[in-house]
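Observations on the model geometry
Below are the chains, spelled out letter by letter.
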Amino acid sequence: MSIYEHFRQEEHGFIDQVLQWKEDVLHQYSPKLTDFLDPREQQIVTAIVGTEGEVQVSFDGGQPFAERKRALLYRITMYLKAKIFSCICMSSIILKSL
């Protein structure tokens, strides 16, 4: 069964693009930030990338209830490393007694 059977004929070009984005993220270790996507395109990206596996996707429209959102495709290892390093940042203040 082909992945294309689950989508409309006019969406096949977009499906090819999403599959290419997923492959690029997987093999080049580089995240992909898309242009703004409508809700149907977001649904397609989620269906193709899935919720499990090495490549993950998140959406953000700049506001909580934005209809059009950008997708960020990334390798899960990249996200975990960024989270670890962002928590390491500390500062200290040295007080001198006068």
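To start, this report covers the structure provided alongside it. Fair warning: this is a prediction, and the values are worked out from it, not measured in the lab. (Residues numbered from 1 in each chain as written. Predicted model: local features only at pLDDT ≥ 70, side-chain atom pairs only at ≥ 80, totals over all residues. Heavy atoms only, no water.)

1. Considerations on the sheet that holds strand E1 (residues 32–37)
Condition: At least two DSSP bridges between two strands are required for those strands to pair. Numbered from the N terminus, helices here are DSSP runs of H or I no shorter than four residues, and strands are runs of E no shorter than two. Fitted lines through C-alpha atoms give the axes, limited to the stretch in contact for helices. The angle between two N-to-C directions lies from 0 to 180 degrees.
With antiparallel pairing, the 3 strands of this open sheet are ordered in space as E1-E3-E2. With one partner strand each, in any of the chains shown, E1 and strand E2 (55–60) form the two edges of the open sheet. Going across the sheet, the axis of each strand differs from the next one's by a mean of 20 degrees, ignoring polarity. Pairing of E1 with strand E3 (residues 69–75) involves 4 bridges; the strand directions are antiparallel. From the neighbouring strand, Phe-36 faces E3, where its bridge partner is Arg-70.

2. Quick notes on the pairing of E3
For E2 and E3, the ladder comprises 6 bridges, and the chain directions are antiparallel. The residue of E3 that forms the bridge with Ser-58 is Leu-72.

3. Side note on the nonpolar core
Formally: By nonpolar core is meant a set of buried Ala, Val, Leu, Ile, Met, Phe, Trp, Tyr and Cys residues that side-chain atoms within 4.5 Å join together. Only protein chains enter the accessibility calculation, which uses a 1.4 Å probe. A residue is then buried if its area is under 20% of the maximum for its type, exposed if over 50%, and partly exposed in between. Whether two residues are in contact is decided by their heavy atoms: any pair within 4.5 Å suffices.
By size, the foremost hydrophobic cluster in this structure holds 15 residues, and its most contacted members are Phe-14, Val-45 and Leu-73. Those elements that place two or more of their residues in this core are helix H1 (12–28), helix H2 (39–49), E2 and E3. Among the elements that line this core, the one with the most residues is H1, at 5 residues. Look past the residues within four positions of Val-45 in its chain and what remains in contact with it is Phe-14, Val-18, Trp-21, Leu-37, Gly-50, Val-57, Phe-59 and Leu-73.

4. Some points on H2
Counted only if it meets this: The directions considered for the arc run from the helix axis to the C-beta atoms.
Taken together, the buried positions of H2 are Gln-42, Ile-44, Val-45, Ile-48 and Val-49. When H2 is viewed along its axis, its buried side chains cluster within an angular range of 160 degrees and face the same direction. For H2, the secondary structure elements touched by its buried residues are H1, E1, E2 and E3.

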